[in-house]
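# Commentary on secondary and tertiary structure
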Amino acid sequence: MNPEPPKDVVVDDKKINISNGDVNGTVVKLDDQLGAGFSDVEMKKIISEKKEDCSLNSVEVNTIGESNAKEVNHQIQSNGTNGYNNYMPAIKAQAHFPKPQPPPQPQPELERSQSVSPAESMPSIGKYIKDRSTTLSAAIIKRLSSLTEDGEDFVVKNDSLNLEVTEIKIPGVKVIVKLKSEDERFDLKGRITFFSRSNCRDCTAVRKFFREKRLPYVEINIDVFPKRAKELVERTGKSEVPQIFFNEKLLGGLVTLNSLRNSGELDKRMRELLSQKCPDGAPKVPVYGFDDDEDEEEEEKDDLLGIVKLLRQSLPIQDRLIKMKIVKNCFAGDDMLEVIIHHLDCGRKKGIETGRQLAQKHFIKHVFGENDFEEGRHFYRFLEHEPFITACFNFRISVNDSAPKSPSFLADKLARLMTAILEAYASDDRHHVDYYRIGKSEEFRRYLNLTRDLQRVDLQLLSPDERLAFFLNLYNAMAIHAVITIGHPEGILDRRAFFGDFQYVIGGYPYSLSVIQNGILRNNRKSPYSLVRPFGNGDRRLKFAPAKVNPLIHFGLCNGTRSSPTVRFFTAQGVEGELRGAAREYFQNGAIEINLDKRTVSLTRIIKWFSVDFGQEKDVLRWVMNYLDTTRAGLLTHLLSDGGPIHFVYQDYDWAGNL
């Protein structure tokens, strides 16, 4: 049942927005012209559901001491599941309100030489402000009462909801009353549960419906909880999603939900099925860290793990001076080869081949990255002894020694898991991300477990498109993890730590956000205002960089700020088309502004920072034209075709968080 539209009374040009039926959180503030010492007044209005009356029940005074605050925001808590609150702006009252007079204060008789210290005067100042606030509150109540007595009320009847709403006209204030829908007023005792998948349009529609109706629900994403897919089939006889349950009763999918809503039967069905407490037979709510159906499959042991454990116990690991450098926690390759030959009872050739397998699986590393493993006086380290390892946020005390999983499987699972996180904890347009709730979620805990499987993954097995999608997704996932762990960067030093020091160990090598963007995706190009490239000569991570830089990658990377593109995750099958869609969305949302009269084009600062990826400015305009709507493309065509000068302006970058 759709809620009735809000009822408006317009007086002058000021506005109070009262929503959700209980009309709470309206703030009325005195204008500065009434005096600097007045307190703010917060008025809570509650609309009664009685048929014959709907009146103001209370006025609450909120004194703000000596701060003389210029604005008060009262936050209305939402019962929705997207984690966001609706904010009610403070509204300055007009001069029509009566100006309160301060109560008389008894003045002590002081001798001419006597003075009052600031400490002694503070209590009287606080009492003075409090008394003036009380007087003001009484004056407002009196004014509102006089309006009702003078017959200035306007009563609106709503027959469909069987209510009457009284709108009080106050000079300089517009009051909007939004009635609660029947569904919003219905106190659910049961539980709404629905099964979903990532990137499912029907699931998105169901989720959006529940959020708009402010109905609490539990979502079970079978990409996050794969073992719950079996339960879905057992309960419904099918594997299609979404499937909605009211308590233990199956309602159906999106088609059923729309049919019930359009026929007006949804409210009746909710009252029938959700009026009782949820029974044990309903789908269980996933529990953080203790879900019985958790997808913690038994890890497959690596076939080289036995020899690795022996080497860790047998080899003399110590600091050495090599090539005029102090190298910590290393061992000689000759010593390792002798242990392997003795343990496997094999020849030297077999021992060398085993050593290379250990290096290819990233159990050991040459201290200078010169080779995988060769016979001779070379020195190596175990991965857990690499200097960078303890700074990596996907490393926990020890390296994951399980057999490396397929990189394609891990890349796909990462994309599905992070997409599920966005669908559950970001706004529908993904401009706002609830990092706090993500950090506390079961989905994010599973993501952190997944990142440990990336420590020794073989990225060479990925195709070029898989590799592109993987690094785009890894960047966006790491940015979310970085915000949760170290917060949004506020200054230059914070940004350096955010982009350069927050690292994962992937396939035996460290990757920061800067390394992924500039070293991999930009094929080892300098970052803005940097004098050096991310990778030196011979760095083995260079083999994962694409042969040609695709400028579209800049619109697929979200660093958690307001000016960055919206956060998203890509598929290997459609990464090119998805990047074009990301660029189109970014430019159509203000990344380019055109003033034909002044012949000025205002562009996002991203293009200035990475101009080497985009080319000359006029070439940029021809390139951008592919991602604009018809109107803006026409304006650009006109500017480029008449041969006149074009002035370029670059927009300021907003580093505030996309909260």
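Residues numbered from 1 in each chain as written. Predicted model: local features only at pLDDT ≥ 70, side-chain atom pairs only at ≥ 80, totals over all residues. Heavy atoms only, no water.

Per an unreviewed UniProt entry, the protein goes by the name DEP domain-containing protein and belongs to Gossypium davidsonii.

Attention shifts here to the packing of helix H13 (residues 464-486) against helix H16 (residues 575-591). Where H13 contacts H16, the two axes come as close as 10 Å, and the packing angle between them is 40°. As summarised for this structure, H13 and H16 are arranged oblique, according to the angle between their axes. Residues Asp465, Leu468, Ala469 and Leu472 of H13 form the contact with H16, whose participating residues are Val575, Glu576 and Leu579. Residues of the contact of H13 with H16, tallied by class, amount to five nonpolar, no polar and two charged. (Axes fitted to C-alpha atoms, helices over the stretch in contact; angles between N-to-C directions. Helix = DSSP H or I, 4+ residues; strand = E, 2+ residues; numbered from the N terminus. Parallel < 35°, antiparallel > 145°, perpendicular 65-115°, else oblique. Contact = heavy atoms within 4.5 Å. Nonpolar A, V, L, I, M, F, W, Y, C, P; charged D, E, K, R; others polar.)

Tallied over the entire structure, the rule returns four cavities of 30 Å³ or more. Computed from the structure, the second largest cavity encloses a volume of approximately 70 Å³. Around the second largest cavity, the lining residues are Asn400, Ser402, Ala403, Pro404, Lys405, Arg452, Asp453, Arg456 and Val457. Residues belonging to the lining of the second largest cavity are distributed by class as follows: three nonpolar, two polar and four charged. (1 Å grid on protein atoms, 1.4 Å probe; cavity = no way out; pocket = protein on both sides within 12 Å on 5 of 7 lines; lining within 4 Å. Points joined across faces, edges and corners; volume = space filled by probe spheres on them.)

In spatial order, the strands read E16-E17-E19-E18; together these four strands make up an open sheet with antiparallel pairing. Single-partner strands in this sheet number two, and they are strand E16 (318-322) and strand E18 (364-366). Ignoring which end each strand starts from, the neighbouring axes of this sheet average 55° apart. Bridge analysis of E18 against strand E19 (residues 379-382) gives three bridges, and the strand direction is antiparallel. When the bridges of E19 are listed, Ile364 appears paired with Phe382. Across the sheet, helix H8 (residues 333-344) touches strand E17 (325-332), E18 and E19, and the angle it forms with E17 is around 10°. (Pairing = 2+ DSSP bridges.)

Glancing now at the layout of surface pockets. Looking at the largest pocket, its volume works out to about 870 Å³. Lining the largest pocket we find 29 residues, and of these Phe499, Ser514, Ser527, Pro528 and Trp655 sit closest to its centre. Listed by contribution, the elements that provide at least two residues to the lining of the largest pocket are helix H14 (492-501), helix H15 (513-521) and helix H17 (605-609). At five residues, H14 tops the list of elements feeding residues into the lining of the largest pocket. Tallied by class, residues from the lining of the largest pocket come to 16 nonpolar, 10 polar and three charged. When residues of the lining of the largest pocket are assigned to domains, at least three fall in each of domain 3 (407-579) and domain 4 (586-650). (Domains from an automatic or database assignment.)

Turning our attention to the environment of Phe610. Tracing the sequence through the fold places Phe610 in the loop between H17 and helix H18 (611-614). By relative accessible area, Phe610 is classed as buried at 7%. As a C-alpha pair, Phe610 and Pro551 span 59 residues in sequence and 8.8 Å in three-dimensional space. Discounting residues that sit within four places of it in the chain, Phe610 has contacts with Gln517, Asn518, Arg522, Pro528 and His554. (Buried < 20%, exposed > 50% of the residue type's maximum accessible area, 1.4 Å probe, protein only.)

Within the secondary structure layout, Leu552 lies in the loop between H15 and H16. The class of Leu552 is buried, set by a relative accessible area of 5%. Sequence separation between Leu552 and Leu579 is 27 residues; the distance between their C-alpha atoms is 6.0 Å. Ignoring anything within four residues of it in the chain, the contact list for Leu552 reads Leu579, Arg580, Ala583, Trp623 and Tyr627.

On to the environment of Phe499, then. Summarising the element assignment, Phe499 is placed in helix H14. With a relative accessible area of 15%, Phe499 lands in the buried category. Expressed as a C-alpha distance, the spacing of Phe499 and Met478, which sit 21 residues apart in the sequence, is 9.9 Å. The contact partners of Phe499, leaving out residues within four places of it in the chain, are Tyr475, Ser512, Leu513, Ser514, Asn559 and Trp655.

Turning our eyes to something else, we now look at the sheet that holds strand E22 (residues 592-595). Taken in spatial order, the three strands of this open sheet run E22-E23-E24, and their pairing is mixed. The open sheet has two free edges, formed respectively by E22 and strand E24 (647-650), since each of these has just one partner strand. On average, each strand axis in the sheet is inclined to that of its neighbour by 20°, with strand direction left out of account. Sheet analysis places strand E23 (residues 600-603) next to E24, joined by four bridges and oriented parallel. Looking at E24, one finds that Leu603 is bridged to Tyr650. Here H16 sits on the sheet and contacts E22 and E23; the angle it forms with E22, its principal contact strand, is near 50°. In the packing of helix H19 (residues 617-624) onto the sheet, the strands contacted are E22, E23 and E24, and the crossing angle to E24 comes to about 75°.

Taken residue by residue, the protein gives an average pLDDT of 80. The fraction at 70 or more is 70%. Long-range and interchain partners of residues 1-100, a stretch whose pLDDT sits below 50, account for 230 contacts in this model, where long-range means more than four residues apart. Taken as a whole, residues 292-296 scores under 50 in pLDDT and shows 15 contacts with residues more than four places along the chain or in a different chain. (pLDDT = per-residue confidence, 0-100.)

Now for the nonpolar core. Phe471, Leu474, Tyr511 and Phe587 are the most contacted members of the largest nonpolar core, which totals 112 residues. The element that contributes the greatest number of residues to this core is H13, accounting for 12 residues. Contacts of Phe471, omitting those with residues within four sequence positions, involve Leu459, Tyr511, Ile516, Ile520, Leu521 and Phe544. With 19 residues, the next largest nonpolar core counts Phe331, Ile364, Phe373 and Tyr380 among its residues. (Core = buried A, V, L, I, M, F, W, Y, C linked by side-chain atoms within 4.5 Å.)

Let us look at the pairing of E16. Pairing analysis gives four bridges linking E16 to E17, with the strands arranged antiparallel. Considered in E17, the bridge of Leu321 is made with Ile326. In textbook terms, the turn of a hairpin is the stretch between consecutive antiparallel strands, and for E16 and E17 this stretch comprises two residues, one of which, Lys323, has a positive phi near 50°.

This structure, assessed with the given rule, holds 32 salt bridges. Between Glu370 and Lys323 there is a salt bridge whose closest N-O contact spans 2.5 Å. Of this pair, Glu370 sits in the loop between E18 and E19 while Lys323 is found in the loop between E16 and E17, placing the two residues 47 residues apart along the sequence. A relative accessible area of 42% means that Glu370 is categorised as partly exposed. Under the relative-accessibility criterion, Lys323 is labelled exposed at 57%. One salt bridge connects Arg541 with Asp539, and the closest N-O pair in it is separated by 2.8 Å. Residue Arg541 is classed as buried on the basis of its relative accessible area, which comes to 11%. Linked by salt bridges that have partners in common, Arg197, Asp223, Asp412 and Arg416 make up one network. (Salt bridge = Lys/Arg side-chain N within 4 Å of Asp/Glu carboxyl O.)

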